[in-house]
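# Residue-level structure breakdown
The primary structure of each chain is shown beneath.
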Amino acid sequence: MSKKGYWMAMIDVRDLDIYKTYIETNGAAFAKYGAKFLVRAGRHTEPEGPTGNRHVIIEFESYETALACYNSPEYQEALKHRLAGSVGKVAILEGA
């Protein structure tokens, strides 16, 4: 059985209107690849310094599925909006 895959993102939204377009357009990719949101914004604490104003953890069936979703044409189209409206870091990880 393969291990789960995850996206971990720490984003600083700079233009909420553009970022909203990202949220509206990323759903096709997430549905196609069976994404499950474990964390999506919400309260957070930054005990070791700033990490952005939006945090997300998304679970996928496998690491390979997580990579495929990120590299998919559907997500790459949505990503243009995230990059235009925010700065941040995204890591794609294999679970324990």
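As a starting point, this report considers the structure included with it. (Residues numbered from 1 in each chain as written. Predicted model: local features only at pLDDT ≥ 70, side-chain atom pairs only at ≥ 80, totals over all residues. Heavy atoms only, no water.)

### Considering the overall build of the protein chain
For the protein chain, the helix and strand inventory stands at three helices and four strands. Taken from N to C terminus, the helices and strands of the protein chain fall in the order β-α-β-β-α-α-β. For 96 residues, the compact-globule estimate of 2.2 N^0.38 gives 12 Å, and the C-alpha radius of gyration of the protein chain, at 13 Å, lies within 12% of that figure. Projecting the C-alpha coordinates of the protein chain onto the three principal axes gives extents of approximately 40 × 30 × 15 Å. Taking contacts inside the protein chain between residues at least 6 apart in sequence as the whole, the part at least 24 apart equals 76%. When the accessible surface of the protein chain is split by element, carbon and sulfur atoms take 55% of a total near 6,000 Å². Positive and negative charge centroids in the protein chain, built from 12 and 12 side chains respectively, lie 2 Å apart. (Helix = DSSP H or I, 4+ residues; strand = E, 2+ residues; numbered from the N terminus. Rg over C-alpha atoms; globule rule 2.2 N^0.38 Å. Contact = heavy atoms within 4.5 Å. Areas by Shrake-Rupley, 256 points an atom, 1.4 Å probe, with all protein chains shown as cover. Lys, Arg positive; Asp, Glu negative; His and termini not counted. Charge placed at Lys NZ, Arg CZ, Asp CG, Glu CD.)

### Observations regarding unusual backbone geometry
Negative phi characterises most residues that are not glycine, and trans characterises most peptide bonds. The backbone phi angle of Ala41 is positive, close to 65 degrees, even though this residue is not glycine. Along the chain, the position of Ala41 falls in the loop between β2 (36-40) and β3 (54-60). For Ala41, a relative accessible area of 26% corresponds to the partly exposed category. (Buried < 20%, exposed > 50% of the residue type's maximum accessible area, 1.4 Å probe, protein only.)

### Thoughts on the environment of Gly34
The residue Gly34 is located in the loop between α1 (16-32) and β2 in this model. For the pair formed by Gly34 and Glu48, sequence separation is 14 residues and the distance between their alpha carbons is 33 Å.

### A look at the sheet that holds β3
Across the sheet, which stays open at both edges, the four strands sit in the order β2-β3-β1-β4 with antiparallel pairing between neighbours. Two strands close off the open sheet at either side, each with one partner strand: β2 and β4 (86-94). If you compare each strand with its neighbour and ignore which way they point, the axes differ by 15 degrees on average. Pairing between strand β1 (residues 5-13) and β4: nine bridges, direction antiparallel. (Pairing = 2+ DSSP bridges. Axes fitted to C-alpha atoms, helices over the stretch in contact; angles between N-to-C directions.)

### Structural notes on the side chain of Glu59
Its location among the elements puts Glu59 in strand β3. Of the side chains with opposite charge, Lys4 lies nearest to the buried Glu59, which makes no salt bridge, at 4.0 Å. At a separation of 3.0 Å, a polar atom in the side chain of Glu59 contacts the side chain of Tyr6. With residues up to four places along the chain from it excluded, the contact list for Glu59 reads Lys4, Gly5, Tyr6, Gly34, Ala35, Lys36 and Leu38. (Salt bridge = Lys/Arg side-chain N within 4 Å of Asp/Glu carboxyl O. Polar contact = N/O pair within 3.5 Å; in protein donor to acceptor, adjacent residues only side chain to side chain.)

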